[in-house]
Number of protein chains: 4
Amino acid sequence: MIIVMKLSATDAQVAAVVNLIRESGLKEHVSRGSELVIIGAMGDEDLLDASRFEILPGVERVTRIMKQYKIVSRDSHPAGSIIQIRGIPLGGNQIQVIGGPCSIETQEQMNLAAAGVAAAGCRMMRGGAFKPRTSPYAFQGLGVEGLEFFQTAAKLHNLPIVTELMDVRMLDTFMEYDVDVIQIGARNMQNFDLLKEVGRVNKPIILKRGLSATINEWLMAAEYIAAGGNHNIIFCERGIRTFETAYRNVLDVTAIPVLKRETHLPVIVDPSHAGGKAWMVPALAQAAVAAGADGLLIEMHPNPAEAWCDADQALSPTQLNELMKTLGAIAQAVGRSL
Amino acid sequence: MIIVMKLSATDAQVAAVVNLIRESGLKEHVSRGSELVIIGAMGDEDLLDASRFEILPGVERVTRIMKQYKIVSRDSHPAGSIIQIRGIPLGGNQIQVIGGPCSIETQEQMNLAAAGVAAAGCRMMRGGAFKPRTSPYAFQGLGVEGLEFFQTAAKLHNLPIVTELMDVRMLDTFMEYDVDVIQIGARNMQNFDLLKEVGRVNKPIILKRGLSATINEWLMAAEYIAAGGNHNIIFCERGIRTFETAYRNVLDVTAIPVLKRETHLPVIVDPSHAGGKAWMVPALAQAAVAAGADGLLIEMHPNPAEAWCDADQALSPTQLNELMKTLGAIAQAVGRSL
Amino acid sequence: MIIVMKLSATDAQVAAVVNLIRESGLKEHVSRGSELVIIGAMGDEDLLDASRFEILPGVERVTRIMKQYKIVSRDSHPAGSIIQIRGIPLGGNQIQVIGGPCSIETQEQMNLAAAGVAAAGCRMMRGGAFKPRTSPYAFQGLGVEGLEFFQTAAKLHNLPIVTELMDVRMLDTFMEYDVDVIQIGARNMQNFDLLKEVGRVNKPIILKRGLSATINEWLMAAEYIAAGGNHNIIFCERGIRTFETAYRNVLDVTAIPVLKRETHLPVIVDPSHAGGKAWMVPALAQAAVAAGADGLLIEMHPNPAEAWCDADQALSPTQLNELMKTLGAIAQAVGRSL
Amino acid sequence: MIIVMKLSATDAQVAAVVNLIRESGLKEHVSRGSELVIIGAMGDEDLLDASRFEILPGVERVTRIMKQYKIVSRDSHPAGSIIQIRGIPLGGNQIQVIGGPCSIETQEQMNLAAAGVAAAGCRMMRGGAFKPRTSPYAFQGLGVEGLEFFQTAAKLHNLPIVTELMDVRMLDTFMEYDVDVIQIGARNMQNFDLLKEVGRVNKPIILKRGLSATINEWLMAAEYIAAGGNHNIIFCERGIRTFETAYRNVLDVTAIPVLKRETHLPVIVDPSHAGGKAWMVPALAQAAVAAGADGLLIEMHPNPAEAWCDADQALSPTQLNELMKTLGAIAQAVGRSL
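Only a predicted model underlies this, so the values are computations on that prediction, with no experimental measurement involved. (Residues numbered from 1 in each chain as written. Chains lettered and ligands numbered in written order. Predicted model: local features only at pLDDT ≥ 70, side-chain atom pairs only at ≥ 80, totals over all residues. Heavy atoms only, no water.)

What to know about the relation of the copies chain A and chain B
Working step 1: Mapping chain A onto chain B leaves a residual RMSD of 0.0 Å; the transformation is a rotation of 180° accompanied by 0.0 Å of translation along its axis. Accordingly, the operation relating the two chain copies is best matched by a two-fold axis. Ranked by how close their C-alpha atoms come to the rotation axis, the residues of chain A are headed by Ser212 of chain A, at 3.2 Å.
Working step 2: Mapped onto chain B, 100% of the interface residues of chain A are again interface residues, and the two copies thus contact each other with one and the same surface. (Least-squares fit on C-alpha atoms with pLDDT ≥ 70 in both. Contact = heavy atoms within 4.5 Å.)

Observations regarding the sheet that holds strand 12 (residues 233-237) of chain D
Residues and elements named next belong to chain D.
Working step 1: The 8 strands are arranged 7-8-9-10-11-12-13-14 in a closed barrel whose pairing can be described as parallel. Taking the axes of each pair of neighbouring strands and ignoring which way they run, one obtains an average angle of 25° across the sheet.
Working step 2: In terms of strand pairing, strand 10 (residues 181-184) meets strand 11 (residues 205-208) through 3 bridges, oriented parallel. Within strand 11, the residue paired with Ile182 across the bridge is Ile205.
Working step 3: In the packing of helix 7 (residues 215-227) onto the sheet, the strands contacted are strand 11 and strand 12, and the crossing angle to strand 12 comes to about 155°.
Working step 4: Strands in contact with helix 8 (residues 255-262) are strand 12 and strand 13 (267-269); relative to strand 13, the strand with the most contacts, it is inclined by about 165°. (Pairing = 2+ DSSP bridges. Helix = DSSP H or I, 4+ residues; strand = E, 2+ residues; numbered from the N terminus. Axes fitted to C-alpha atoms, helices over the stretch in contact; angles between N-to-C directions.)

Examining the relation of the copies chain D and chain B
Working step 1: Structural alignment of chain D on chain B gives an RMSD of 0.0 Å, achieved by rotating through 180° and translating 0.0 Å along the axis.
Working step 2: Of all interface residues in chain D, 100% are interface residues in chain B too; the two copies therefore contact each other through one and the same surface.

Some details on the packing of aromatic side chains
Working step 1: In the structure shown here, the tally under the stated rule is 16 aromatic pairs over all chains.
Working step 2: Ring geometry for Phe192 of chain A against Tyr224 of chain A: centres 4.5 Å apart, planes inclined by 25°, an arrangement best described as stacked. Within this pair, whereas Phe192 of chain A is found in helix 6 (residues 192-198), its partner Tyr224 of chain A is found in helix 7 (residues 215-227), the two being separated by 32 residues in sequence. In this structure, Phe192 of chain A and Tyr224 of chain A share a single accessibility class: buried.
Working step 3: Its guanidinium or amino end placed over the ring of Trp279 of chain D, Arg261 of chain A lies 3.8 Å from that ring's centre, counting from NZ or CZ. (Phe/Tyr/Trp six-rings, centres within 6.5 Å; stacked < 30°, edge-to-face > 60°. Buried < 20%, exposed > 50% of the residue type's maximum accessible area, 1.4 Å probe, protein only. Lys NZ or Arg CZ within 6 Å of the ring centre and 35° of its normal.)

What about the interface of chain D and chain B?
Working step 1: Tallying the contact residues gives 28 residues for chain D and 28 residues for chain B.
Working step 2: Taken together, both faces of the contact between chain D and chain B bury some 2,100 Å²; the carbon and sulfur share is 66%.
Working step 3: Residues Lys67 of chain B and Glu60 of chain D are paired through a salt bridge, measuring 3.0 Å at the closest nitrogen-oxygen approach.
Working step 4: Counting across the interface, chain D meets chain B through 6 residue pairs in polar contact (both at pLDDT 80 or more).
Working step 5: Listing elements by their share of the side of chain D that touches chain B, those giving two or more residues are strand 1 (2-5), strand 2 (27-32), strand 3 (37-42) and strand 4 (59-63) of chain D. (Buried area = accessible area lost by both parts, 1.4 Å probe. Salt bridge = Lys/Arg side-chain N within 4 Å of Asp/Glu carboxyl O. Polar contact = N/O pair within 3.5 Å; in protein donor to acceptor, adjacent residues only side chain to side chain.)

Quick word on the domain arrangement of chain A
Working step 1: Taken domain by domain, chain A holds domain 1 (2-63) and domain 2 (74-333).
Working step 2: Averaged C-alpha coordinates put domain 1 of chain A and domain 2 of chain A at centres separated by 44 Å. (Domains from an automatic or database assignment.)

As for the packing of helix 3 (residues 107-119) of chain C against helix 4 (residues 144-155) of chain C
Residue and element names in this part refer to chain C.
Working step 1: Two elements in contact, helix 3 and helix 4, have axes whose closest approach is 8 Å; the angle formed by their N-to-C orientations is 35°. For the element pair helix 3 and helix 4, the recorded crossing hand is right-handed. Listed contacts from helix 4 to Gln107, Met110, Asn111 and Ala114 of helix 3 are Glu148, Phe149, Phe150, Thr152, Ala153 and Ala154.
Working step 2: Here the contact of helix 3 with helix 4 is composed, by residue class, of 6 nonpolar, 3 polar and 1 charged. (Left-handed = near helix turned anticlockwise from the far one by under 90°. Nonpolar A, V, L, I, M, F, W, Y, C, P; charged D, E, K, R; others polar.)

Thoughts on the pairing of strand 7 (residues 96-100) of chain C
Residues and elements named next belong to chain C.
Working step 1: Summarising burial for strand 7: 5 of the 5 residues are buried, a large majority.
Working step 2: Note: strand 7 against strand 14 (residues 295-299), 5 bridges, orientation parallel. From the neighbouring strand, Gly100 faces strand 14, where its bridge partner is Glu299.
Working step 3: Taken together, strand 7, helix 3 and strand 8 (residues 124-126) form a β-α-β motif whose crossover is right-handed. (Right-handed = clockwise from strand over helix to strand, strands pointing away.)

Concerning the interface of chain A and chain B
Working step 1: On the chain B side, the residues contacting the 47 residues of chain A number 47 residues.
Working step 2: Run the count over chain A and chain B and you get 8 salt bridges.
Working step 3: Arg241 of chain A is the partner of Glu217 of chain B in a salt bridge, and the nearest nitrogen-oxygen pair spans 2.6 Å.
Working step 4: At the junction of chain A and chain B, the tally comes to 27 residue pairs in polar contact (both at pLDDT 80 or more).
Working step 5: For the side of chain A that touches chain B, the class distribution of residues is 19 nonpolar, 10 polar and 18 charged.

In structure tokens, the structure reads:
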């Protein structure tokens, strides 16, 4: 931790800062310049509370130096982690595209969706049984019945399934239905009790970025899961909230190389929720793969015009199929495979 | 709902839109201008899904017209609601200041805090037993033991208590400890399962605004609670996330008059979390009262320098006391009392 | 400047950083902790270019310590500056409200406006002759003819005038027409050539905050003016751009106490452009005064419904009159006068 | 324009809206639903001022329907425009990469830079003679001498040159030095007098997006240039300002497909200023090409460690060379060439 003193700070004020550093079990380094005094607190920064220094008289500013994330940090595992999902590797050379509808609607819809996903060459499937909706009057998902439809359809094509967990009380049900990958949605990225619970199970977790979560907060949310013992975490960038109103969110592609540098865990992208319109999905999906994403989460519906929600957001099976070809060529251009 | 057709839209495309409106049980009004065709769908807009129209060929843009919030809308209760908290009115002419520490630490700390809160003229007290912390390695609150300390201290001064609920599984405990007002934190504003549960109890709820929640999303989150039957909801503005890094959040005072216009429910402000520094609190608290807030949530610690978290954010008892005097004068200037 | 080395940094990498510090004429302080090496560069930080350090191998992060603004910093003038505008003090105990229409339209409109401004008790007047409009097809202002109307009307009531300068080539005309206070609009806050030019004249400058300018960038923009020799600078907060769409901008009241701490110069607020609606103006104006603003810039039109632009934003003379009474009471509540 | 009346609107209030529409020379369509009255104003929307309606009693909300941009709209030129720069096409199948240093420093530096740019296969060169700097104490560019160095170096390789114009008074000098493409920087995107002036010359203009400019404002800024007669406009996305502090800006790749849909003009991307770090440039440049950009503006310095500004942002000639190979492969994957 670095404590910068005010221009007017007295020797006694500097001494008070030094005392608090020592009391906390760290060692101080005092640098006196022509104008400023700067004090470094060397040692385990977690023992210090920045606000205890900021309140001391004569202190101008306090800056943390150490990163607060440890288990998820690339420093702890420089080589990069590959997460195995029923034998399918996520985070290595091969890029994984997870396709499927926004909402689980009927058994027939899911059967058609699973067939389309498999036919396009995707190796995993997504679908929502519990839906976070802005309005209490909107369709909230089929619930447990949806999980049933989903597993029935996915098994026909041997596709591992990805679905969102919103309520900590449903975790046992998710385990019972053998959900392969549990998704934590953007609105729950800092639902700390939910993070703690999924940290205790032995399932890969897709952690979506909060609508306005910083990279640091996102890494810390993953650290909550990891601290519970579950290190199988997949980051999913899904667009951030900005001032722009011409599209739903702004897909933050810069987050991809930055996360790949900061953490050893895989990074995937959801181009469907980012843009909010099916016609934007190809451009965004292509950008994500070109920027180094390890996978994609793409909405596909057997018949978009009939979708129960976000009809204008899902690709048709044909569109997904075409996109996969372009993505394969881009993957190759950046030295990977699809 | 208004559907604007593209310049190039054909008659058949217009007809398809009209068909979908009729199928949904609404009535269309087609306006043909020199350049544009605009179609209004009149009737119960909740029966329509905008995305079903946006995907139709020839459609340029779809705009919802009706507000989605109903119970919390001022239209449903033009006079404004006053919420009674153990006989203390919130939402009327008298402004309520809720003081107390960020975290509950010890019985002694809470006793001193309660005494300070009462001495300053506040009629309610706040304190956190369960703390949402960015880091899993930071102090997470005392938990149930904290509720015990809190009630013991508050009862000495007959102060109703306000505390944050993070986990739906703790709701029964909150009822057992007779928490007077349940706070839903900013990070849980769209934790829809939690909102549904507190919609079923008979306790006033303070609903903090999410870090980057729009006014509309915030009203809809309140509608989730209200739809469950609990109409005792208090909005709490606590600063929003922007590009500015010189302070933690930007206190959005504009939200105060806008909410007072849109909803009949009371609106309070948390100046402590907004700015993040004790020295900013008086200016922000004064601005909130001058802009029409019905109450304030202010952090006060008997000894800020020793606080277990956010030491630089809490006022001392003396500072709270002084601030209350200025707030009283401002309340009077705007025709209210403190 | 503080240079934090990577965990893996070698001695040679540390030495390279130290060399660059010495070559730049500063002195290094190297602090070696159990995990990290931190290097402080003490001396005139302006001699260092952070990016030259960031590119060096082994460097994790570089943090500037010194503030870049000097003349406008409160450190250079702790007492606070009062700017005299034809004998009217701005920045002292008395709060100044500058009223007037968005656009100058006709001589008659300006005469009525000036009468209304004076009758409400304002001591200065605003009005736009050159208007920054998003669309090239919108009314761009009357130009020089407008300045003529403005001075004619204002002189009847001995009101100093405030008007916006957009084009550096019009500065001589502004001097000729004896504009009392030159306003630099939000969109030109970082029009550095314009800032340099108004830094060379002897007129007070109102510097509006850019739509998404940080406090630091704003202070640096003022420093551009000050560096030219003109220290008569007035900061004007006018709302910032955020994700919120329910109102035009978010008035950043936190900027008021923060600026008052960082600079000795006066700070005023424009509640009219911030909210964008006349009905929001009283709440925002009241909040600004309660938070410590030194003045306000309020739009008033003799007949808002007939205004040539922003008809829904201007107060009527009666509304301004009423607001002034409330503002007077709030000013008194915070120990000032109106 | 669509005018939505309040639930409580009276017939007289509806009539007043209708009157104002007719007075403005348009035709009204009144739609009466069970709850709401909605009024469409059909005709030339530019004749209407929304604020004149918003101030009328009984009006809830006013929505513009027509796009305000005309010349730059794709509606006016559905096929897409190709801009010729000394025979090099921008906007067609071939993607153009414009390389070169942030600042022009010396003749030698520019000669080396030009050689590196040409060797990497770029067909145009960039370099700054006038630099917009946050601090008045930072290097402001070499000025006219820099243009001299630039042209001398670029001519050796027959590279058209791109450089930024900040001050309207320098336009004649730019014409004299035969600058091939004039860049308008992000901070000047709404410097309307500058836009008007470059609208009168016969040179291609690169219009960078403002730090927090919406797509609509950006298109309207281009319309300012186009309205003056100069239709050779190139949009350049360079990252937007958000809450994220881990990188300088967020590159908004979604803007690429959206602009390509809204305007017929070419769209390029500046990955160097977006991320602010050389190591981020490849990922961002690749994403931009994959998302459909027509070109890139990439910083390259013959010796980045010695650059006079932004040393950590420029690629070396070798890095640019490698990146060009990957970009070529991605261009091919999306059906284009480099």
